[in-house]
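# Examining the three-dimensional arrangement
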Amino acid sequence: MNHQVDREMLLQNALSLAERGWFVFPLRPGDKRPAFPDHSADRCTGRDPRCRRFGAHIRWETRATIDPDRIRRAWTAAPYNIGIACGVSGLVVVDLDKPKPDQAPPQEWRREGIADGGDVFAAVCEQAGQPMPIDTYTVTTGRGGTHLYFTAPDDDGHTLSPRNTSGTLGWLIDTRAIGGYVVAAGSTVPAGRYEVAHEMRPAPLPAWLAERLRPAPLPPQERVTVDIGAGRRAAYLNAAVTRSVSAVETAPDGTLNRTLYGASVALGQLVAGDALCAAEVEAVLLDAAIVAGHPQAGALRTIRSGMRAGANRPRSVAA
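Residues numbered from 1 in each chain as written. Predicted model: local features only at pLDDT ≥ 70, side-chain atom pairs only at ≥ 80, totals over all residues. Heavy atoms only, no water.

## As for the packing of aromatic side chains
- Counted by the stated rule, this structure contains four aromatic pairs.
- Taken together, a centroid distance of 5.1 Å and an interplanar angle of 85 degrees make the contact between Phe25 and Tyr181 edge-to-face. Here Phe25 is found in strand 1 (residues 24–27), whereas its partner Tyr181 is found in strand 8 (residues 181–183), with 156 residues between them in sequence.
- Assessed through its relative accessible area of 23%, Tyr181 is described here as partly exposed.
- Looking at Arg20, its charged tip hangs above the ring of Trp22, at a distance of 5.0 Å from the centre. (Phe/Tyr/Trp six-rings, centres within 6.5 Å; stacked < 30°, edge-to-face > 60°. Helix = DSSP H or I, 4+ residues; strand = E, 2+ residues; numbered from the N terminus. Buried < 20%, exposed > 50% of the residue type's maximum accessible area, 1.4 Å probe, protein only. Lys NZ or Arg CZ within 6 Å of the ring centre and 35° of its normal.)

## Things to note about the side chain of Ser187
- Along the chain, Ser187 falls in the loop between strand 8 and strand 9 (188–189).
- A polar atom in the side chain of Ser187 sits 2.9 Å from the backbone nitrogen of Ile82.
- Residue contacts for Ser187: discarding those within four places in its chain leaves Leu10, Asn81, Ile82, Gly192, Arg193 and Tyr194. (Polar contact = N/O pair within 3.5 Å; in protein donor to acceptor, adjacent residues only side chain to side chain. Contact = heavy atoms within 4.5 Å.)

## A word on the sheet that holds strand 8
- If you trace the three strands from one edge of the open sheet to the other, you get 1-2-8, paired in antiparallel fashion. Across the chains shown, the open sheet's two edge strands, defined by having one partner strand only, are strand 1 and strand 8. With direction set aside, neighbouring strand axes in the sheet form an average angle of 35 degrees.
- Across the sheet, helix 4 (residues 68–77) lies against strand 1 and strand 2 (81–85), angled at about 10 degrees from strand 1, the strand it touches most. (Pairing = 2+ DSSP bridges. Axes fitted to C-alpha atoms, helices over the stretch in contact; angles between N-to-C directions.)

## Focus on the pairing of strand 2
- Counting buried positions along strand 2 yields five of five residues, so the element is predominantly enclosed.
- Summarising the sheet, strand 1 and strand 2 pair through four bridges and their orientation is antiparallel. If you follow Val24 over to strand 2, its bridge partner there is Ile84.
- When strand 2 meets strand 8, the two strands line up antiparallel, connected through three bridges. Residue pairing across strands places Ile84 opposite Val182, the latter belonging to strand 8.

## Some remarks on the nonpolar core
- Within the largest apolar cluster, 31 residues are counted, with the highest numbers of intra-cluster contacts made by Leu17, Val24, Ile71, Trp75, Ile82, Ile84 and Tyr149.
- Residue assignment for this core shows that the elements contributing at least two residues are helix 1 (3–19), strand 1, helix 4, strand 2, strand 3 (91–96) and strand 8.
- It is helix 1 that provides the largest number of residues to this core, a total of six residues.
- Once residues lying within four places of it in the same chain are set aside, the contact partners of Trp75 are Arg7, Leu10, Leu11, Ala14, Val24, Phe25, Pro26, Tyr80, Asn81 and Ile82.
- Listed in part, the 27 residues of the second largest apolar core include Leu256, Leu286, Ala299 and Val317. (Core = buried A, V, L, I, M, F, W, Y, C linked by side-chain atoms within 4.5 Å.)

## Regarding helix 4
- Turning to helix 4, its buried residues are Ile71, Ala74 and Trp75. The arc enclosing the buried residues of helix 4, seen along the axis, measures out at 85 degrees, which places them on a common side. Away from its buried face, by an angle of more than 90 degrees, helix 4 presents the exposed residues Arg73 and Ala77.
- For helix 4, the capping residue at the N-terminal end is Asp67, with a side-chain oxygen 2.9 Å from the backbone nitrogen of Asp69. (Arc of directions from axis to C-beta.)

## Description of the packing of helix 9 (residues 256–272) against helix 11 (residues 296–311)
- Relative to each other, helix 9 and helix 11 sit at 45 degrees, their axes nearing to 6 Å. When the axes of helix 9 and helix 11 are compared, the pair comes out oblique. For the element pair helix 9 and helix 11, the recorded crossing hand is right-handed. Contact residues: Asn257, Leu260, Tyr261, Ser264, Val265, Gly268, Gln269, Val271 and Ala272 in helix 9; Ala299, Thr302, Ile303, Ser305, Gly306, Met307, Ala309, Gly310 and Ala311 in helix 11.
- Of the residues in the contact of helix 9 with helix 11, the class split is 10 nonpolar, eight polar and no charged. (Parallel < 35°, antiparallel > 145°, perpendicular 65-115°, else oblique. Left-handed = near helix turned anticlockwise from the far one by under 90°. Nonpolar A, V, L, I, M, F, W, Y, C, P; charged D, E, K, R; others polar.)

Honestly, it's all geometry; don't read function into it.
Shown next, in the form of structure tokens:
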């Protein structure tokens, strides 16, 4: 198949997925990684000339779209593979993987009949006294694994919705939900092509699976405050901190990490200008991120990376 045919097929697949309400974005041709430069918080300084071309600090979440015009522009340019942003698409995808050649099962799964993630999932379902939920939209991966697509539970608050997991359900079982993406059918990687194995609407995520994947409720949090003082300068700084905290705590699904990074950059500039205390800013942003449902370790990395980037552009406040 030539590149022109590849491009047209992938374009049509991307448009079809968008019609389902699934937000798509381009992956590198023949690869699982996003097609655009990686402007993760740890790498982008704002001085990279690619920032001027693509926009500073762009991550794959910002490219996910259901807009057919944007999709046509992207997939007309190159035979990009297709990524689906799970969180904003309202999806939870259970990934049943195949072991790599040198990969042996952990002790608890060294038993007869267990060879891959599909076998483990069957055993998990049996132990739970539940049927294996295979009557749903299903994709076979390039390595012969399986992606089971489900609609995410409709929670009142996104902090209790399923998130990405690795091994939580068992060996060779991952899940992709809020903050995660999957490679869509029609995409090709060196190991093979992703193909639709069962074409139908995704079934709702079974309640028993949702409970197992639901993050543990956070303990009551004592709110962190920053003592800025009084006066016009203090009022300005207080407004900046309050605005950043509010943005993080109310970030829409799929945008939390990007919003946290932006807030960290903004307040990091004030830290670099000796207007705020670095430790206090880190503490108040971490508190806001945890309240919003961001895992603590990842939130801390994002905050520190954002503050480092902000330090490149110090901002002072007049007394």
